Number of protein chains: 2
Amino acid sequence: MLKEERQQLILEHLKAAKKINLGDLSNMLKVSYDSVRRDVIELEDKGLLKKVHGGVVSNSYLNILAGQRKGVKKGGDLEIVISKALKFLKNNQIIILDGGTTNFFLAEQIPKSLTLTVITNSPPLAMALNEHENVEVILLGGRYYKRYQIAMGPEVSNQLKRFNADLYFMGVNGIDKTKGLTIRNYEESILKQQMMAAAKSTICCVVEEKIGVVEAYQICPIEKIDALITNLDPENYSLIGYDGVVMV
Amino acid sequence: MLKEERQQLILEHLKAAKKINLGDLSNMLKVSYDSVRRDVIELEDKGLLKKVHGGVVSNSYLNILAGQRKGVKKGGDLEIVISKALKFLKNNQIIILDGGTTNFFLAEQIPKSLTLTVITNSPPLAMALNEHENVEVILLGGRYYKRYQIAMGPEVSNQLKRFNADLYFMGVNGIDKTKGLTIRNYEESILKQQMMAAAKSTICCVVEEKIGVVEAYQICPIEKIDALITNLDPENYSLIGYDGVVMV
DNA sequence: AAAATAATTGCAAGCTTTTGCGAAATACTG
DNA sequence: CAGTATTTCGCAAAAGCTTGCAATTATTTT
């Protein structure tokens, strides 16, 4: 069995199971514990799952590449988040949208009648707005990171310095009471800080499963953002202790 | 057995089996391991499969990107133009590709093994290079023109000033002996001039039907470009009178 | 048709990746 | 805090891959 094949199987299993322990995987795939372990490490490096003590959990990192366009499931967590986020949009606003699936789907769902300027470093997101006649798009250029499908680097930062947007919708990998907003890529964490600085207020959109997750690099502590949008009711117990933020 | 025949068999087998290891292929096709290996490298260059340690997998297996049709018709005019254009590419070159369909398809057909830097103002083109691991992409940012799906404006021009690329592949709407290279959009005509200035040499790729066509805005006279690639034989009568250009 | 050139093939030696094992370290549980 | 479960690490064997070379076959040129 090829390594790639195995990794594919692990991912498929994870879609169904949500959490699997490595021993079971090892039996199931008929390879040693170590091989599974190494596969899982590789997959984690690619951001496709998250390793925890006792097994692996799905990371719901849908690659826009993977054909899952127009992928907001009716009534799903993501749809709830997006519908809440859309309420923040007003005519003639200038908003920054960074890369990431949530923002991509948010962009797709922007009402066609709304007049907006969208600043983004994500080519797929820019293209998702092709049919939005009233949305002007400013694309930030720089070195293009294929893996994340975004532009990053000094050029992007420089261009950002000249902007004063009304809103910034930030995507993150994890959000935690004490560790704040975190992400897996260092450069991106810096970029997101700069995007915050380029906007009057910052809104963070996350689905439930990212709550309590801590990733490698902090962007900022919780209280620096102006609003946190989740699919949960603002009174939900999972959100207790996130002080200083408007919950939506 | 001919090489092409063998490669066809490999692809067919892969369609059915999703994966296969090179030793088995070697037995099946009754040629040495090395020949199979070299076939597989060629196929990988064309993006038709993915080589991994232990064998090959059909690349639709790893990525659900299968639906992404390669848009060049076999034996069509465009394919001829593109195959000629690819001969100009050498390892470690820095090339500028502007928007337009010819360049988009050219980008798709760049061999996966080629190491290049591609500078572009076209988000779709940047994304078309997602699977080209050896191609670094620099995305030019600015105002995004949805209709053409390219970035244009002063930011793009400024970024261009700092580049000294080896080659610029220019797309045009029309080419004519006396009126030169022309295009429908004024701003774009200026941008293309700037791209010419940012590259050591400029190559123009056109299919037959654009020859003799004159559009609203001239980019430059014919003799300013270094090579003209068409689907026609360089000796073809349609090309008589285009002086001062290398015909390919 | 002969010579020159180019493309293809197979081989062998050397190199890299992958794998499983056992010991050691670390994280959870009651 | 001890005990158990889980994870990590280093290593060496095995499997697989690459590279240069020389022989062969095909193609083009003279």
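Before reading on, note that the structure itself is shown above.
Residues numbered from 1 in each chain as written. Chains lettered and ligands numbered in written order. Predicted model: local features only at pLDDT ≥ 70, side-chain atom pairs only at ≥ 80, totals over all residues. Heavy atoms only, no water.

*Asks:* Report on the packing of helix 5 (residues 77-86) of chain B against helix 6 (residues 101-109) of chain B, specifying residues and quantitative values.
*Replies:* Residue and element names in this part refer to chain B. Packing of helix 5 against helix 6 leaves a shortest axis separation of 10 Å and a crossing angle of 60 degrees. Relative to helix 6, the element helix 5 is oriented oblique. You can see that helix 5 and helix 6 cross each other, and the crossing is right-handed. The segment helix 5 lies against helix 6, with Leu-78, Val-81, Ile-82, Ala-85 and Leu-86 engaging Thr-102, Phe-105, Leu-106 and Gln-109. (Axes fitted to C-alpha atoms, helices over the stretch in contact; angles between N-to-C directions. Helix = DSSP H or I, 4+ residues; strand = E, 2+ residues; numbered from the N terminus. Parallel < 35°, antiparallel > 145°, perpendicular 65-115°, else oblique. Left-handed = near helix turned anticlockwise from the far one by under 90°. Contact = heavy atoms within 4.5 Å.)

*Asks:* Before we move on, could you go through the sheet that holds strand 15 (residues 246-247) of chain A and cite the residues and values that matter?
*Replies:* The mixed open sheet is built from nine strands, whose spatial order is 15(A)-14(A)-12(A)-9(A)-4(A)-5(A)-6(A)-7(B)-8(B). Each edge of the open sheet is held by one strand with a lone partner, namely strand 15 of chain A together with strand 8 (150-152) of chain B. Across three bridges, the pairing between strand 7 (residues 142-145) of chain B and strand 8 of chain B is antiparallel. Of the residues in strand 8 of chain B, the one forming a bridge with Tyr-144 of chain B is Ala-151 of chain B. Against the sheet, helix 8 (residues 186-197) of chain A contacts strand 4 (93-97), strand 9 (165-170) and strand 12 (199-205) of chain A, and its axis sits at roughly 150 degrees relative to strand 9 of chain A. (Pairing = 2+ DSSP bridges.)

*Asks:* Can you break down the pattern of salt bridges residue by residue, with the values?
*Replies:* All names here are of chain A. Counted by the stated rule, this structure contains 19 salt bridges over all chains. Note that Glu-215 and Arg-184 form a salt bridge whose closest N and O atoms lie 3.4 Å from each other. Remark: Arg-184 occurs in the loop between strand 11 (180-183) and helix 8 and Glu-215 occurs in the loop between strand 12 and strand 13 (217-220); sequence separation between them is 31 residues. Residue class for Glu-215 comes out buried when judged on its relative accessible area of 9%. Through salt bridges with shared partners, one network takes in Lys-50, Arg-184 and Glu-215. (Salt bridge = Lys/Arg side-chain N within 4 Å of Asp/Glu carboxyl O. Buried < 20%, exposed > 50% of the residue type's maximum accessible area, 1.4 Å probe, protein only.)

*Asks:* Can you explain the protein's contact with DNA strand C? Please cite residues and give values.
*Replies:* Inspection of the region around DNA strand C gives 16 residues, with Ser-35 and Arg-38 of chain A together with Ser-32, Ser-35 and Arg-38 of chain B positioned closest. At the protein interface, 64% of the atoms of DNA strand C within 4 Å belong to sugar or phosphate. Between Lys-3 of chain B and DNA strand C, the recorded distance is 3.1 Å, taken from a side-chain N or O atom to a phosphate oxygen. The separation between a phosphate oxygen of DNA strand C and a polar side-chain atom of Arg-6 of chain B is 2.8 Å. At the level of elements, helix 1 (3-17) and helix 3 (33-45) of chain A together with helix 1 (3-17) and helix 3 (33-45) of chain B are the ones that each hand at least two residues to the surface near DNA strand C. Residues belonging to the surface near DNA strand C are distributed by class as follows: two nonpolar, six polar and eight charged. (Near = heavy atom within 4 Å. Polar contact = N/O pair within 3.5 Å; in protein donor to acceptor, adjacent residues only side chain to side chain. Nonpolar A, V, L, I, M, F, W, Y, C, P; charged D, E, K, R; others polar.)

*Asks:* Provide a residue-level description of the interface of chain B and chain A, including the pertinent values.
*Replies:* Taken together, the 36 residues of chain B in the interface contact 32 residues of chain A. Roughly 2800 Å² of surface becomes buried between chain B and chain A when both sides are summed, with 58% attributable to carbon and sulfur atoms. Among the residues chain B hides against chain A, the three largest losses belong to Met-127, Leu-139 and Lys-146 of chain B. Together they make up 22% of the total. Counting across the chain B and chain A interface gives five salt bridges. Across the pair Glu-136 of chain B and Arg-143 of chain A runs a salt bridge, and its minimum N-O distance is 3.2 Å. Applying the counting criterion to the chain B and chain A interface returns 17 residue pairs in polar contact (both at pLDDT 80 or more). (Buried area = accessible area lost by both parts, 1.4 Å probe.)

*Asks:* Residue-level account of the packing of helix 2 (residues 22-29) of chain B against helix 3 of chain B, with values.
*Replies:* Residues and elements named next belong to chain B. Where helix 2 contacts helix 3, the two axes come as close as 8 Å, and the packing angle between them is 110 degrees. Taken together, the axes of helix 2 and helix 3 lie roughly perpendicular to each other. Seen from above, helix 2 lies across helix 3 with right-handed handedness. Contacts between helix 2 and helix 3 involve Leu-22, Gly-23, Leu-25 and Ser-26 from the former and Tyr-33, Val-36, Arg-37 and Val-40 from the latter. The residue inventory of the contact of helix 2 with helix 3, partitioned by class, reads five nonpolar, two polar and one charged.

*Asks:* Please set out the sheet that holds strand 13 (residues 217-220) of chain B residue by residue, giving values where relevant.
*Replies:* Residues and elements named next belong to chain B. The strand order across the open sheet formed by three strands is 10-11-13, and the pairing between neighbours is antiparallel. At either end of the open sheet lies a strand with only one pairing partner, and these are strand 10 (174-176) and strand 13. The mean inter-strand angle of the sheet, taken between neighbouring strand axes irrespective of direction, is 35 degrees. Strand direction decides the pairing type here: strand 10 and strand 11 (residues 180-183), joined by three bridges, are antiparallel. Within strand 11, the residue paired with Gly-174 across the bridge is Thr-182.

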